[in-house]
Amino acid sequence: MQRLDVGSIVNAISDRDVRGILEQEGLRQERTISMLASENMLPLDGLLAQASPIANKTVEGFPGHRYHAGAAWVDALERLCIDRGKELFAAGYANVQPHSGSQANQVVFNALLDPGDRLLSMRLSDGGHLSHGAAINQSGKLYDVSSYGVDRETGLIDYDEFQRIARERRPKLIVAGGSAYPRIIDFKAMAAIAAETGALLLVDMAHFAGQVAAGRYPNPVPLADVVSTTTYKSLRGPRGGMILSRSKRVGRLVDRSLFPGFQGTPAMHQVAAKAICLGEARQPAFGDYIERALRLAAICCSRLQADGFRLLTGGTDTTMVMVDLSREHFTGRAAAEALERCGIIANQNAIPGDFRPPFEGSGLRLSTTAMAARGFDAATAAPVFDVVCGVLDSLRRDRPIDVADALRRIARLCDEHPAYAVNRQLEVA
Ligand SMILES: *Cc1c(COP(=O)(O)O)cnc(C)c1O
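Section: the overall build of the chain
The helix and strand tally for the chain stands at 16 helices and 17 strands. Here the chain has a C-alpha radius of gyration of 22 Å; the compact-globule value for 429 residues is 22 Å, and the two agree. Expressed along its principal axes, the backbone C-alpha trace of the chain runs to roughly 65 × 60 × 40 Å. Looking at the chain as a whole, 54% of its 429 residues qualify as buried. Taking the intrachain contacts of the chain between residues at least 6 apart in sequence as the baseline, contacts between residues at least 24 apart amount to 74%. When the accessible area of the chain is evaluated, it comes to approximately 18400 Å², of which 51% is carbon and sulfur surface. Separation between the mean location of the 49 positive side-chain charges and that of the 48 negative ones in the chain comes to 3 Å.

Structure (C-alpha cells):
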C-alpha cells in the first residue's frame, strides 16, 4: 500500500519551472481568502480525477455512438455523469460535455436559433452575462438582441418592463439568469411570459446551481425549456459547463448542436470530475456547505450595512453580495486591489446605470462559497468580514490601511482553514 498526500501530486511533476509555479499558486490559494463568486475550492477527489490518464482519451459523439474506438470506459463514465446530473436536477436530459459556461450557452443558442433570430436577455450592466448577447460577444453579433433590466430603485428585475419588451419584440428565445444578480428569480413569471409571447426560455443557473442542488433556490428545470450552468461556481465542481432539459426533444437538438455543431472531443478528465461533483452534491455535507455559505452571505450583508455600505437589492437570497459603491469616491477596482493587498480576493463589477467604466466599476462582488467550502462558519468568518469592512472604511475615509495587521489576521484564519488538508493521507491500493 502506497501513501500519497496533496503536496506530492505537485511534487511528482518533474518540470521544475512549471512545478514551481503550481506550488506558488497552491500556496497563494492557501494564504488568501477567495471571495470571488466565479471560483471555488474543488474537493480533493475532483482534483485527483483530473490527473487521471482518462485525460488522454479522444472520442467524439456521445455514449454508444462514438467515432473513435476504445470508448468502453469513457462511455461508462459519461453515462454515469449524465445519470447523476439528471437525477440531481430532476431533468429528462443532460449534456455534460460543454467546456465552459459560455460554450454551453453558444451550444444552446446554436441549437434553438438561426443567425438573426431575436433573443431577449438581461442587460450586462444590470447583472447579465457577456455570453447572453452582449454587443462585444459573438452572441451579440449573431443574434438580434434586446435586453431587460432591473428597477433602479429596488435593484430587482422589473418584470413589467420585461413583459412589455417580450410582447413588443416577440423574441424566439428568452434568457433568465446572470452573473451579478443576488436574488431569487421568478422563473414562473418568466416562463408564463415566454409562453404567452411564444418564446423558448433558457435559464442560465451558473451562479446558483449549487443552491438549486441543495434545494435552496427554485429548480428552473421543470419551468424552462433548457437550463445551462457552469460546474465550478457554487456547484463546487471542475471547470466546465452542463446543459439540462426536461425535454428529450430539446435534448436531441442540443446534442447535435454540441457535436458535430460546435465542439470536438469532450475533456473526459473533466467529465470524471463533474461526475464526482454531481455525486457529492447529493450528500448531506454539500447541503451543510450551502447552508453555511448562505448564512455567511447574510452575515456579510448585515456587517456591511451596519458600517453604512449600500447593497444592490438591499441584501441577498444567495451566496453573492453586491456592494454598491456608486456614492463612494472610490471604485470597485480600487476596493478589489486594496482587499488583495490584505489577502482577500474579490472583483469589481458594473452596477445598473453605472457611470464608471466596467473595468473600474461601481460595484464590488463578493461571495461566501469558497469560504464555506474551506470550512468557515459564522464565528470564524466574522473576522474576515471585519477586514473587508475595515478596508472599505479606510478607503472611504482616505485613511491608510494597516496592511501588515490585516495580512497577519488573514494568515491565521487561513492556517486554521486549509483549502486542502495537506497531510490528508490517501490510501492508494
Ligand atoms: C460564469 C458564467 C458563465 C460563463 O462561464 P465560462 O465558464 O467563463 O465560460 C456563463 N453564464 C453565467 C451566468 C455566468 O455567471
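Some words on the packing of aromatic side chains
Taken as a whole and assessed by the stated rule, the structure comprises 6 aromatic pairs. With centroids separated by 5.7 Å and ring planes inclined at 80°, the aromatic side chains of Phe109 and Tyr143 adopt a geometry described as edge-to-face. Of this pair, Phe109 sits in helix 5 (residues 101-112) while Tyr143 is found in the loop between helix 6 (138-142) and strand 7 (144-148), placing the two residues 34 residues apart along the sequence. Where Phe208 meets Tyr217, the ring centres are 4.0 Å apart and the plane angle is 10°; that geometry is what we call stacked. One exposure class covers both Phe208 and Tyr217, and it is buried. For the cation-ring pair, Arg236 lies above Tyr289, with the distance from its terminal atom to the ring centre recorded as 5.3 Å.

Re the site of the ligand
Every one of the 13 residues lining the ligand counts as a neighbour, but Gly101, Ser102, Asp204, Tyr232 and Lys233 are closest to it. In this structure, Tyr232 approaches the ligand through a side-chain N or O atom, which is 2.6 Å from an oxygen atom. Between the ligand and Lys233, the relevant distance is 2.8 Å, taken from an oxygen atom to a side-chain nitrogen or oxygen of the residue. When the ligand is considered free in solution it has 380 Å² of accessible area, and contact with the protein chains removes 86% of it. In terms of residue count, helix 5 provides more of the shell around the ligand than any other element does, 3 residues in total. By residue class, the composition of the shell around the ligand is 2 nonpolar, 9 polar and 2 charged.

Considerations on the pattern of salt bridges
One pass over the full model with this rule turns up 23 salt bridges. Notably, a salt bridge pairs Arg216 with Glu291, separated by 2.4 Å at the nearest N-O pair. One end of the pair, Arg216, is in the loop between helix 9 (209-213) and strand 10 (226-230); the other, Glu291, is in helix 12 (residues 284-306), and 75 residues separate them in sequence. By relative accessible area, which is 37% here, Arg216 ends up partly exposed. Arg303 is the salt-bridge partner of Asp307, the closest N and O atoms lying 3.2 Å from each other. Residue Asp307 is classed as partly exposed on the basis of its relative accessible area of 28%. The network of salt bridges with common partners includes Arg66, Asp75 and Glu78.

Details of the environment of Asp45
The topology assignment puts Asp45 in helix 3 (residues 44-49). Between the alpha carbons of Asp45 and Ile276 there is a distance of 7.3 Å; along the sequence they are 231 residues apart.

Digging into unusual backbone geometry
In this structure, Pro260 follows Phe259 across a cis peptide bond, with omega equal to 10°. Relative to the elements of secondary structure, Pro260 occurs in the loop between helix 10 (248-258) and helix 11 (268-280). One non-glycine residue, Ala90, lies in the positive phi region at around 55°.

Calculation rules
- Residues numbered from 1 in each chain as written.
- Predicted model: local features only at pLDDT ≥ 70, side-chain atom pairs only at ≥ 80, totals over all residues.
- Heavy atoms only, no water.
- Helix = DSSP H or I, 4+ residues; strand = E, 2+ residues; numbered from the N terminus.
- Rg over C-alpha atoms; globule rule 2.2 N^0.38 Å.
- Buried < 20%, exposed > 50% of the residue type's maximum accessible area, 1.4 Å probe, protein only.
- Contact = heavy atoms within 4.5 Å.
- Areas by Shrake-Rupley, 256 points an atom, 1.4 Å probe, with all protein chains shown as cover.
- Lys, Arg positive; Asp, Glu negative; His and termini not counted.
- Charge placed at Lys NZ, Arg CZ, Asp CG, Glu CD.
- Phe/Tyr/Trp six-rings, centres within 6.5 Å; stacked < 30°, edge-to-face > 60°.
- Lys NZ or Arg CZ within 6 Å of the ring centre and 35° of its normal.
- Near = heavy atom within 4 Å.
- Polar contact = N/O pair within 3.5 Å; in protein donor to acceptor, adjacent residues only side chain to side chain.
- Nonpolar A, V, L, I, M, F, W, Y, C, P; charged D, E, K, R; others polar.
- Salt bridge = Lys/Arg side-chain N within 4 Å of Asp/Glu carboxyl O.

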